[in-house]
Amino acid sequence: MDEAEDANPAVLSPAQIAAERGPFAGMQGHLDAPYRETPPAVVERMLDLAQVGAGTRLIDLGCGDGRIVIAAARRGAVAHGIDIDPAWVAEAQSSAQGAGVAARATFAQGDMFAAALGEAEVVTLFLLGHVNRWLEGKLQRELPPGARVVSHQYGMPNWQPAATEQIGQATLYLWIKGDEPGSARPADRN
Ligand SMILES: C[S@@+](CC[C@H](N)C(=O)[O-])C[C@H]1O[C@@H](n2cnc3c(N)ncnc32)[C@H](O)[C@@H]1O
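Residues numbered from 1 in each chain as written. Predicted model: local features only at pLDDT ≥ 70, side-chain atom pairs only at ≥ 80, totals over all residues.

Describing the pairing of strand β1 (residues 57–61)
Of all the 5 residues making up β1, 4 are buried; the element is thus mostly covered by neighbouring parts of the structure. Viewed along the sheet, the connection from β1 through helix α3 (residues 67–74) into strand β2 (residues 78–83) turns out right-handed. Examined bridge by bridge, β1 and strand β4 (residues 122–125) share 4 bridges and lie parallel to one another. Bridging from a neighbouring strand, L58 pairs with V122 of β4. (Buried ≥ 20, exposed ≤ 12 C-beta atoms within 10 Å, placed from the backbone. Helix = DSSP H or I, 4+ residues; strand = E, 2+ residues; numbered from the N terminus. Right-handed = clockwise from strand over helix to strand, strands pointing away. Pairing = 2+ DSSP bridges.)

This is the structure in structure tokens:
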């Protein structure tokens, strides 16, 4: 699917998302986005933008090797990563043990679209443009007001970012969930 889809601002219904994801959605071995790593300096800047500190509840959707979750836990955050690939979950758990943060950095194998986000204060993403579009409604519905969403590289077609930033090749987007259900807080209120 082409990233130019981001130009289409239509909010997708759950049925449209299910149709676009296809019959193997959520099954092990079926990736909505391929594995790629966020560079360490970009990870730290994502956490800075989202004001991640001691006690912040963070979820990384598609956590890969767990680097964002572990970096957040090193700051004292209570961080959780979800990945469809059990090998990444095992590696992330082992790395969290090695870093001495396993009590605050937890991981689970599963489909990010089935994750419960209601307790999250920060959600981090490094996926694809069309996957962000699929997630947009879920994030709007489930996140509490004031929650921050930070995406590496890809925007949200219907959300106005509170901040964008360029770090080398990486573009970062920050959104802050508005006070009203389904609203995104405009940039000039942050
Ligand atoms: C680009 S990597 C990002 C890894 C890490 N968050 C980072 O920024 O370094 C995307 C990850 O999403 C995972 N993934 C793809 N589809 C998924 C799904 N439906 N549910 C959970 N994880 C998924 C892949 O296995 C991969 O590890």
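Read on for the rest.
Side note on the packing of α3 against helix α4 (residues 86–99)
For the pair α3 and α4, the least separation of the axes is 10 Å and the interaxial angle reads 25°. By the angle between their directions, the pair α3 and α4 is classed as roughly parallel. Handedness of the α3/α4 crossing: right-handed. Together, V69, I70, A73 and R74 of α3 and A92, S95, A96 and A99 of α4 make up the contact between the two elements. The residue inventory of the contact of α3 with α4, partitioned by class, reads 6 nonpolar, 1 polar and 1 charged. (Axes fitted to C-alpha atoms, helices over the stretch in contact; angles between N-to-C directions. Parallel < 35°, antiparallel > 145°, perpendicular 65-115°, else oblique. Left-handed = near helix turned anticlockwise from the far one by under 90°. Contact = placed C-beta atoms within 7 Å. Nonpolar A, V, L, I, M, F, W, Y, C, P; charged D, E, K, R; others polar.)

Structural notes on helix α2 (residues 40–49)
Of all the residues in α2, the buried ones are V42, V43, M46 and L47. Viewed along the axis of α2, the buried residues span an arc of 140°, placing them on a single side of the element. Where α2 is buried, its residues meet α3, β4, β5 (148–152), β6 (163–167) and β7 (170–176). Backbone geometry just after α2 places Q51 at a positive phi near 55°. (Arc of directions from axis to C-beta.)

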